[in-house]
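# Notes for the structure review
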Amino acid sequence: MKIIYLVSLTMYLVILMIYFYFLEPIFEGNKVLSLLVLGIFSALHGYLSKILESHFNFLSKKMDGQMAVFIIFGLILFLLIFT
């Protein structure tokens, strides 16, 4: 697993946290606008991931598979506990 995938997953989880905790209650009545904002955030995430991968060479290195599983499991567990 590449390090950029882990960074990308973390960025997307932060984007979803911002969306569901702050923006969804604001756009509660207007679902079309709410989905449009989520789509814009998703496009921004893809753009930022490509920018980060092209500028930082160490993000394209591979990490140990078992360590990647532990980090992802810990990240998801952290979000479940503290949200």
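The structure contained in this document is the topic of the report that follows. Note that this is a predicted model, so its numbers are computed, not measured. (Residues numbered from 1 in each chain as written. Predicted model: local features only at pLDDT ≥ 70, side-chain atom pairs only at ≥ 80, totals over all residues. Heavy atoms only, no water.)

Another aspect to go through is the pattern of salt bridges. In the structure shown here, the tally under the stated rule is 1 salt bridge. A salt bridge links Lys-31 to Glu-24, with the shortest nitrogen-to-oxygen separation between them at 3.0 Å. The partly exposed category is assigned to Lys-31, whose relative accessible area is 47%. (Salt bridge = Lys/Arg side-chain N within 4 Å of Asp/Glu carboxyl O. Buried < 20%, exposed > 50% of the residue type's maximum accessible area, 1.4 Å probe, protein only.)

Attention now goes to the packing of helix H1 (residues 3-26) against helix H2 (residues 31-55). Remark: H1 packs on H2, axes separated minimally by 10 Å, with the N-to-C direction vectors making an angle of 155 degrees. Between H1 and H2, the angle falls in the class roughly antiparallel. Our pair here, H1 against H2, has a crossing hand that is right-handed. Packed against H1, whose contacting residues are Ile-4, Val-7, Ser-8, Met-11, Tyr-12, Ile-15, Leu-16, Tyr-19, Leu-23 and Glu-24, the element H2 presents Lys-31, Ser-34, Leu-35, Val-37, Leu-38, Phe-41, Ser-42, His-45, Leu-48, Ser-49, Leu-52 and Glu-53 at the interface. Classifying every residue of the contact of H1 with H2 by side-chain character gives 14 nonpolar, 5 polar and 3 charged. (Axes fitted to C-alpha atoms, helices over the stretch in contact; angles between N-to-C directions. Helix = DSSP H or I, 4+ residues; strand = E, 2+ residues; numbered from the N terminus. Parallel < 35°, antiparallel > 145°, perpendicular 65-115°, else oblique. Left-handed = near helix turned anticlockwise from the far one by under 90°. Contact = heavy atoms within 4.5 Å. Nonpolar A, V, L, I, M, F, W, Y, C, P; charged D, E, K, R; others polar.)

This part is about H1. A rise of 1.5 Å per residue sets the reference length of H1, with its 24 residues, at 34 Å; its end C-alpha atoms lie 34 Å apart and thus fit the reference within 8%. Of all the bends in H1, the greatest measures close to 40 degrees and is centred on Phe-20. Among all positions of H1, only Ile-4, Leu-6, Ser-8, Ile-15, Tyr-19, Leu-23 and Glu-24 are buried. For H1, the elements touching its buried residues are H2 and helix H3 (65-82). (Expected span 1.5 Å × (residues − 1). Bend = angle between axes of the 7 residues up to and from the residue.)

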